[in-house]
Amino acid sequence: MKKTIFLALALIGFFGLKAQSPAVEVSIDGTTAFTITAQFTMNESCTHYAICAAPTGEMGQWASGFGMTMEQLVTAWGIDFQSDTSYTWTDMAPATEYEIFVVAMSATDTAEATVTTATTASLGGEGTSIVTIELSEITTNSVRMITTPNDQTALYYNGLVTADLFNEVGADSCMSILKLSPYTLYDVDDWVWEDLESGSEFYALAQGQNINGEWGEIAVASFTTLDEAGLNSVANVSNITLYPNPAACSTTLQNLEAGSLVTLTDIQGREMQKFVANGTTATIDLSQTPCGVYFVKILLPNEQTIIQKLIVNE
């Protein structure tokens, strides 16, 4: 009888110790298009823990490539905590599933890595994706390029190509090359392109797709870097101005080419006005246009497309 009681107590102690292995409970508090927030709660045996997040499958590839266990990789790359915490990852990619790894540790034991998944929110809408391009600060070898997507854009790509390539293969083929970039863009991109050839013409391009995967128009703007004498000539495509902007009753496009097709759309891509410019200037009547953000798309006779953002105020 005594032996039976002793064995039962031993088994209870054994399993009790196993139940007290270090562990961390994970709960997802919330996600946005660019963030994931998770709550981490330690059990009594856990003295500290490491956390790490990556797109699903990526950590497994890194562990295999480095010949490491997942526990080794998470403790080496992860963030270490010694108490319960809420942590927010930022700069995440929208509409992407992530794995959140946790390795709980005590003074004498390291638990196996646990994984919890969370998916970031999607961007964009079902309307037309529109991306605008602004070029400034042109030097002999650099240019500042700002691309801004509308709220219907789920993702987009941008880049520069030489005028020779653009004229040889066209905007569609150039954009197909730029879409091979591993750097998918989601919000405003403010970038200075450097190491450009002086006195040379370049084309800036951008194109986005909506939440349904439908691509919008390719936005195109050209410029010429300064030559060594400090002179440059910006192509007509980037000389087009919209003034005033913001506007109330009307706004005027200047430096147009006669025959350009001008279209005014709202932020959802719905067409508000469309007309063909008869000369180098054209006035857009805004007297019946509600306040808000709009886009003016100019299709030039050479089939280049320029898109400018227009703000309509009272």
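Here, every reference points to the structure presented above.
We now turn to the structure provided with this report.

Cut-offs applied
Residues numbered from 1 in each chain as written. Predicted model: local features only at pLDDT ≥ 70, side-chain atom pairs only at ≥ 80, totals over all residues. Heavy atoms only, no water. Buried < 20%, exposed > 50% of the residue type's maximum accessible area, 1.4 Å probe, protein only. Helix = DSSP H or I, 4+ residues; strand = E, 2+ residues; numbered from the N terminus. Pairing = 2+ DSSP bridges. Phe/Tyr/Trp six-rings, centres within 6.5 Å; stacked < 30°, edge-to-face > 60°. Lys NZ or Arg CZ within 6 Å of the ring centre and 35° of its normal. Arc of directions from axis to C-beta. Axes fitted to C-alpha atoms, helices over the stretch in contact; angles between N-to-C directions. Polar contact = N/O pair within 3.5 Å; in protein donor to acceptor, adjacent residues only side chain to side chain. Contact = heavy atoms within 4.5 Å. Salt bridge = Lys/Arg side-chain N within 4 Å of Asp/Glu carboxyl O.

Here the focus is the pairing of strand β12 (residues 201-209). When you tally the buried positions in β12, you get eight out of nine residues, the bulk of the element. Here eight bridges tie strand β10 (residues 155-162) to β12, and the two strands are oriented antiparallel to one another. Bridge pairing in β12 places Leu155 opposite Gln209. Sheet topology places β12 next to strand β13 (residues 219-224); six bridges connect them, and they run antiparallel. For Leu205, the partnering residue across the bridge sits in β13 and is Val220.

All right, on to the packing of aromatic side chains then. One pass over the full model with this rule turns up twelve aromatic pairs. Taking the centre distance of 5.9 Å and the plane angle of 80° together, the rings of Phe66 and Trp77 count as edge-to-face. Taken together, the positions of Phe66 in helix α2 (residues 58-66) and Trp77 in helix α3 (residues 70-77) put the pair eleven residues apart, joining distant regions of the chain. For Trp77, a relative accessible area of 42% translates into the label partly exposed. The cationic tip of Lys179 hangs over the ring face of Trp215; the distance from NZ or CZ to the ring centre is 3.6 Å.

Pro244 follows Tyr243 through a cis peptide bond whose omega is -5°. Along the chain, Pro244 falls in the loop between β14 (241-243) and β15 (250-254). The step from Asn245 to Pro246 runs through a cis peptide bond, and the omega angle for that step is 10°. Inspection of the secondary structure assignment puts Pro246 in the loop between β14 and β15. Phi is positive for Glu137, which is not a glycine, with a value near 55°. Among the secondary structure elements, Glu137 is positioned in the loop between β8 (131-136) and β9 (143-149). Located in the positive-phi region is Asp195, a residue other than glycine, with phi close to 60°.

Quick reminder: α-helices carry 3.6 residues per turn. Residues three or four places apart thus point the same way. Residues Met70, Leu73 and Val74 constitute the buried set of α3. When α3 is viewed along its axis, its buried side chains cluster within an angular range of 95° and face the same direction.

In this section: the sheet that holds β9. Read across the open sheet, the three strands follow the order β8-β9-β11; overall the sheet is antiparallel. A single partner strand is all that each edge strand has here, and the edge strands are β8 and β11 (189-193). Taking the axes of each pair of neighbouring strands and ignoring which way they run, one obtains an average angle of 20° across the sheet. Relative to β9, β8 runs antiparallel, the two being bridged by six bridges. Considered in β9, the bridge of Glu134 is made with Ile146.

With that settled, consider the side chain of Thr225. Tracing the backbone through its elements, the reader meets Thr225 in the loop between β13 and α5 (236-239). Exposure remark for Thr225: the relative accessible area of 0% places this residue in the buried category. Among the polar contacts listed, one links the side chain of Thr225 to the backbone nitrogen of Gly199, at a separation of 2.9 Å.

Sheets are built from strands paired through backbone hydrogen bonds, the pairs being either parallel or antiparallel. One open sheet accounts for three strands, arranged β1-β2-β5; its pairing is antiparallel. If you trace the sheet from one side to the other, it starts and ends with β1 (24-31) and β5 (85-89), each paired once. On average, adjacent strands in this sheet sit at an angle of 25° to one another, irrespective of strand direction. As defined by bridge partners, strand β2 (residues 36-42) adjoins β5 across five bridges and the pair is classed as antiparallel. Along β5, the bridge assignment pairs Ile36 with Trp89.

What follows is about the environment of Ala111. Structurally, Ala111 is set in the loop between β6 (97-105) and β7 (114-119). Judged by its relative accessible area of 17%, Ala111 falls in the buried class. Taking the C-alpha atoms as reference, Ala111 lies 47 Å from Ser129; in sequence the two are 18 residues apart.

Before going further, it helps to spend a moment on the environment of Ala53. Along the polypeptide, Ala53 turns up in strand β3 (residues 48-55). A sequence separation of 21 residues divides Ala53 from Val74, and the C-alpha atoms of the two residues are 9.1 Å apart. In this structure Ala53 touches Trp89, Met92, Glu99 and Ile100, once residues within four positions along its chain are discounted.

In this section: the pattern of salt bridges. Going through the model one piece at a time under the given rule, you end up with five salt bridges. Lys297 is the salt-bridge partner of Glu217, the closest N and O atoms lying 3.6 Å from each other. Placement of Glu217 in the loop between β12 and β13 and of Lys297 in strand β19 (residues 292-299) is noted, with a sequence separation of 80 residues between them. Taking relative accessible area as the criterion, Glu217 reaches 41% and is therefore assigned partly exposed. Looking at Lys297, the relative accessible area reads 25%, which means it is partly exposed.

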